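Architecture at a glance
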Amino acid sequence: METNSTVEVHDNQKQGFDLGVFVGDLALDEDASSDDASLDGLEEELDECKDDDEVKNILAKGTKLREYTKGVENNVRKVELDSIQDYIRESENLVLLHDQIRDCDNILSQMETLLSGFQAEIGSISSEIKILQEKSMDMGLKLKNRKAAESKLSKFVEDIIVPPRMVDIIVDGEVNEEYMRTLEILSKKLKFVAVDSMVKSSQALKDVQPELERLRQKAVSKVFEFIIQKLYALRKPKTNIQILQQSVLLKYKYLILFLKEHSKEIYAEVRAAYIDTMNKVLSAHFRAYIQALEKLQLDIASATDLIGVETRSASLFSRGKETLKSRSSVFALGERINILKEIDQPALIPHIAEANSLKYPYEVLFRSLHKLLMDTATSEYLFCDDFFGEESIFHEIFTGPFQVIDDHFNTVLSNSYDAIGLMIMIRIIHQHQLIMFRRRVPCLDSYLDKVNMSLWPRFKMVFDLHLNSLRNANIKALWEDDVHPHYVMRRYAEFTASLVHLNVESGDGQVTQEAGTEGGKAQLHFEELLKSSIAIYVEELLLEHFSDLIKFVKTRASEETAATSAEKPTVSDAEPLVKDFASRWKAAIELMHKDVITSFSNFLCGMEILKAALTQLLLYYTRLSECVKRISGGSALNKDLVSISSILYEIKKYSRTF
């Protein structure tokens, strides 16, 4: 056993474990501890340990401290030796563990070396990636710059290059929509080389500019010839100018813009040619229209047709029917006011009116002329603004037409003594101004104002002539021994009523008569009085010729009267009335007609009065006829009753005589 132990110990010594040394070291440590021991602080330690259970047990048994200490040391040594034996028994495992640890250490050392290499390589790769990233950013920036340069260069090349197709179209192509699109491209190129300072200094421009200039000159020449050719078409007789402008010229308005931008001299020539053409064409058009209208004019008043000028009624009736009609309009408004209700109707067509032998007061021709002027001016103004982009062209064109109209109008105005007609023309001009305002076309504002300012002085002059004719009237020469209203009074009443009627809704302060709101009320008042007086006159006129018939109808002909009356009408009561009416009703109507003609010089009013009288007579006779039908045996009088249709025919015949 000792030998084996010695061998094991020897083997252990070979493996680096010297147990003797190990035990000796422990003994030395113990001796050192004994030598270094000191009693300093012993009492304090005893005080601190007096409560310890182990200490209390030792003290209780009375064991000596040294002996106890030796026991403890022996126990410790025993435990120590046991531990040494345990280590010796586990030495192989410890050696194995040591070898494993050493192998692991070698492996870890290799891993460390490998990872260090990886780390170095990764660091190198990271550096390379950073370099590549920087190169990529640099390449991206260069690419972006190259793209920007390519875009600008491409646009430069596109803007400055002259494609062969564009040259062919401009030089040899027809002027159409494709030609205008090509002109737009050429215009952009011309603007590009003219505006950009960098382009002007480029070598490319020196090569291209001569070609661009030749194309510009060719395009300008071709466009000029094309437009002048279209303008000549406007001069052809019977050409519808507005249709030609709208359907042809407006389609080529870019040609004008091209000339305006790239050849101001040629544009000025085209502009002047258009102005000259339209000036002459429209002047001739209005001159011909005015000449045709002059053939339709119906003269209303002369310098002697004044309120206070002596005129024998016999001289009035000695004139022809048309003259009487026109002279009745000198002071009375009548149907002449209807022209204000037809203010926006189309202009007269002279040859149709002439073919129908129609004549019109001058205000009708005045409205028609200015209606044509408004429509023509509106169309031309809008066209010039759209085609040329200049409003001033309109005024240059219309200097001729305005002069033609002014010459005609001034001639007519200087010979006009028709105050009613002048006032109607003033109202027509006012309505025309409103129409142009609603159209939002201001081109005739100054012209219409000028015409209006010409009409008012002439109206005032004629109006003063009427007033002076009354102030200077010869009372003895005007005297008439007649029960009828004096013709001077009738003229004054008609004249005043006409002016009030014309100014009641559009009074502008120029006429200081009763032309305001109160004037309108006064007019209505007198109109009611007129109706009442006409009704009274009609009744008196009928009583003069058919008093028995009217009395019978009012007292005995109605069903209500017959029911309440003690004596019902009989055949013998109605027979004399029926036969009397049948024998003389036509003669009586003729007498009534003469009475009205004699009593009323205003034929319009006379017509209304006669019509009212005949209508009332028809009503009375209708009631008589119905009464006869209700009378027992009244059918025997049917042969003597005049048919209602016969009376209506006679009434219409007399209505047509006015």
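Residues numbered from 1 in each chain as written. Predicted model: local features only at pLDDT ≥ 70, side-chain atom pairs only at ≥ 80, totals over all residues. Heavy atoms only, no water.

**A few points about the environment of N338**
- Take N338: it is sitting in helix 16 (residues 338-341).
- Separated by 26 residues in the primary sequence, N338 and V364 place their C-alpha atoms 9.7 Å from one another. (Helix = DSSP H or I, 4+ residues; strand = E, 2+ residues; numbered from the N terminus.)

**Regarding a negative patch on the surface**
- Taken together, E43, E44, E45, D47 and E48 make up a surface patch of like negative charges.
- Here E45 shows up in helix 3 (residues 42-49).
- Look at E45 and you get partly exposed, because its relative accessible area is 46%. (Patch = residues over 30% accessible without salt bridge, like charges linked within 9 Å, V, L, I, M, F, W, Y side chains within 5 Å. Areas by Shrake-Rupley, 256 points an atom, 1.4 Å probe, with all protein chains shown as cover. Salt bridge = Lys/Arg side-chain N within 4 Å of Asp/Glu carboxyl O. Lys, Arg positive; Asp, Glu negative; His and termini not counted. Charge placed at Lys NZ, Arg CZ, Asp CG, Glu CD. Buried < 20%, exposed > 50% of the residue type's maximum accessible area, 1.4 Å probe, protein only.)

**A word on the nonpolar core**
- Ranked by internal contacts, the top residues of the largest apolar core, which has 114 residues, are L186, Y274, L444 and L455.
- It is helix 18 (residues 362-387) that provides the largest number of residues to this core, a total of 13 residues.
- Mapping this core onto the domain boundaries places at least three of its residues in each of domain 2 (164-262) and domain 3 (283-310 + 325-507).
- If near-sequence neighbours (up to four positions away) are discounted, L186 is found in contact with M166, I170, L212, L215, R216, A219 and F258.
- Listed in part, the 38 residues of the second largest apolar core include L542, L549, A613 and L624. (Core = buried A, V, L, I, M, F, W, Y, C linked by side-chain atoms within 4.5 Å. Domains from an automatic or database assignment. Contact = heavy atoms within 4.5 Å.)

**Notes on helix 24 (residues 487-503)**
- With 17 residues, helix 24 should cover 24 Å at 1.5 Å per step; its first-to-last C-alpha distance of 24 Å lies within 8% of that length.
- Across the 17 residues that make up helix 24, a large majority, 12, are buried.
- Every buried residue of helix 24 is accounted for by Y487, V488, R490, R491, E494, F495, T496, S498, L499, V500, L502 and N503. (Expected span 1.5 Å × (residues − 1).)

**Looking at a nonpolar patch on the surface**
- Together, I107, M111, L114, L115, F118 and I122 give the surface a local cluster of nonpolar side chains, amounting to about 570 Å² of exposed area.
- Along the polypeptide, L115 turns up in helix 6 (residues 91-160).

**Side note on the pattern of salt bridges**
- Tallying each qualifying case throughout the model produces 24 salt bridges.
- The partner of D99 in a salt bridge is R102, with the nearest N and O atoms 2.8 Å apart. Of this pair, D99 and R102 are both found in helix 6, three residues apart, which corresponds to roughly one turn of the helix.
- For R102, a relative accessible area of 43% corresponds to the partly exposed category.
- Between E575 and K579 there is a salt bridge, with the nearest N and O atoms lying 2.8 Å from each other. In this pair, E575 and K579 both sit in helix 27 (residues 571-599), four residues apart, roughly one turn of the helix.
- On the basis of relative accessible area, K579 is assigned to the partly exposed category, the value being 41%.
- Three or more residues are tied together by salt bridges with common partners; here these are D344, K371, D375 and R439.

**Thoughts on the packing of aromatic side chains**
- Throughout the structure, instances matching the rule amount to 17 aromatic pairs.
- Between Y362 and F366, the aromatic rings sit 6.3 Å apart at their centres with planes inclined by 50°, giving tilted as the arrangement. Here the residue Y362 and the residue F366 both occupy positions in helix 18, the gap between them amounting to four residues, near one helical turn. Residue Y362 shares its accessibility class with F366, and that shared class is buried.
- Taking 5.0 Å as the distance between ring centres and 15° as the angle between the ring planes, the aromatic pair formed by F383 and F387 counts as stacked. (Phe/Tyr/Trp six-rings, centres within 6.5 Å; stacked < 30°, edge-to-face > 60°.)

**Observations regarding unusual backbone geometry**
- The phi torsion at S357 lies on the positive side, around 55°, for a residue other than glycine.
- For S357, the position within the fold is in the loop between helix 17 (350-355) and helix 18.
- Owing to a relative accessible area of 63%, S357 belongs among the exposed residues under this scheme.
- With a phi close to 60°, R440 is a non-glycine residue in the positive phi region.
- Relative to the helices and strands, R440 resides in the loop between helix 21 (419-439) and helix 22 (445-471).

**Some thoughts on the packing of helix 12 (residues 253-262) against helix 13 (residues 264-294)**
- It is the contact of helix 12 with helix 13, at a shortest axis distance of 6 Å, that shows an interaxial angle of 135°. As far as their axial angle goes, helix 13 and helix 12 are oblique. Where helix 12 abuts helix 13, its residues I256, L259, K260 and H262 lie against K264, I266, Y267 and V270.
- Of the residues in the contact of helix 12 with helix 13, the class split is five nonpolar, one polar and two charged. (Axes fitted to C-alpha atoms, helices over the stretch in contact; angles between N-to-C directions. Parallel < 35°, antiparallel > 145°, perpendicular 65-115°, else oblique. Nonpolar A, V, L, I, M, F, W, Y, C, P; charged D, E, K, R; others polar.)

**Remarks on the environment of Q433**
- Examined against the element boundaries, Q433 turns out to sit in helix 21.
- Its relative accessible area of 25% is what places Q433 among the partly exposed residues.
- Taking the C-alpha atoms as reference points, Q433 and L444, 11 residues apart in sequence, are found 8.2 Å from one another.
- Excluding anything up to four places from it in sequence, Q433 contacts L448 and D449.

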